[in-house]
Amino acid sequence: MPDGPVTGDPATGGPVAGGDLAARQAELVAALVAGGPLPAGFAPAPVEAARRALLRKRAGDVARHWPLLAAGHGDAWAATFAGWAAGRPTNGSLRDGWDLARELRDRGTLPPLGAEELAAREAASRYDGRTTPRPRRLPAVARAGGAVAAQLAGRVRLLRPAPR
């Protein structure tokens, strides 16, 4: 007896148990958003087109949370983000942008606008890379790519802009 409803298998036209369908759906999602292998029975071109469209959508969502980081990359933003995010599942737009900005900082390729935005975010909030960012309660100073930002009483000020 199948462990769920029976539906049609797109690869063979025969019935598929609900548990098998859920596993196939999980494989497809992994291929679309986490760099997983293409599941059997799916045409590569449409799946690749959908994967690229989802990466563009994610890049736009991240740009709304990190406008200076995106603006610092100009026309290269979508390609930069897609290259970074291609094999990573999303952690949400705010965290994806933060993780990307930190990685670019570590590589020495963070644009000045992105450095200023990262310094301001790091001064305002704590983020360990695994859990949701939390506002800082105590005064803090943060540096990124030559930019320095300070947070005091909940207000963040850029003390030194990043060198251009």
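Residues numbered from 1 in each chain as written. Predicted model: local features only at pLDDT ≥ 70, side-chain atom pairs only at ≥ 80, totals over all residues. Heavy atoms only, no water.

Another point: the pattern of salt bridges. A full pass over the atoms with the stated rule returns 11 salt bridges. Close ionic contact of Arg105 with Asp106 constitutes a salt bridge, the shortest N to O distance being 3.2 Å. Residue Arg130 is joined to Asp128 by a salt bridge in which the shortest nitrogen-to-oxygen separation is 3.6 Å. One network of salt bridges, in which partners are shared, links Glu48, Arg51 and Arg52. (Salt bridge = Lys/Arg side-chain N within 4 Å of Asp/Glu carboxyl O.)

Before going further, it helps to examine helix H6 (residues 112–124). With 13 residues, H6 should cover 18 Å at 1.5 Å per step; its first-to-last C-alpha distance of 18 Å lies within 8% of that length. Along H6, the positions that sit buried rather than exposed are Gly114, Ala115, Glu116, Glu117, Leu118, Ala119, Glu122 and Ala123. (Helix = DSSP H or I, 4+ residues; strand = E, 2+ residues; numbered from the N terminus. Expected span 1.5 Å × (residues − 1). Buried < 20%, exposed > 50% of the residue type's maximum accessible area, 1.4 Å probe, protein only.)

Another point: the packing of helix H2 (residues 44–65) against helix H4 (residues 77–85). Across the interface, H2 lies against H4 with an axial gap of 9 Å and an inter-helix angle of 110°. Here H2 is positioned roughly perpendicular relative to H4, judged by the angle of their axes. For the pair H2 and H4, contact is made by Leu55, Arg58, Ala59, Val62 and Ala63 and by Trp77, Ala78, Phe81, Ala82, Trp84 and Ala85, respectively. (Axes fitted to C-alpha atoms, helices over the stretch in contact; angles between N-to-C directions. Parallel < 35°, antiparallel > 145°, perpendicular 65-115°, else oblique. Contact = heavy atoms within 4.5 Å.)

Before going further, it helps to examine unusual backbone geometry. Although it is not a glycine, Ala153 sits at a positive phi angle of roughly 55°. You can see Ala153 is positioned in the loop between strand S6 (147–152) and strand S7 (155–160).

Let's shift gears to the packing of aromatic side chains. This model, assessed by the stated rule, comprises 4 aromatic pairs. Ring geometry for Trp77 versus Phe81: centroids 5.7 Å apart, planes at 35°, classification tilted. In this pair, Trp77 and Phe81 are both assigned in helix H4, 4 residues apart and thus about one turn of the helix distant. Its relative accessible area of 8% is what places Trp77 among the buried residues. For Phe81, a relative accessible area of 0% corresponds to the buried category. Considering the side-chain rings of Phe81 and Trp84, the 5.8 Å spacing of their centres and the 50° angle between planes classify their relative orientation as tilted. Here the residue Phe81 and the residue Trp84 both occupy positions in helix H4, the gap between them amounting to 3 residues, near one helical turn. A residue is classified by how much of its surface remains accessible, and Trp84, at 6% relative accessible area, is buried. Among the aromatic residues, those joined into a cluster by ring pairs are Trp66, Trp98 and Tyr127. (Phe/Tyr/Trp six-rings, centres within 6.5 Å; stacked < 30°, edge-to-face > 60°.)

Nothing here speaks to function; it is geometry throughout.
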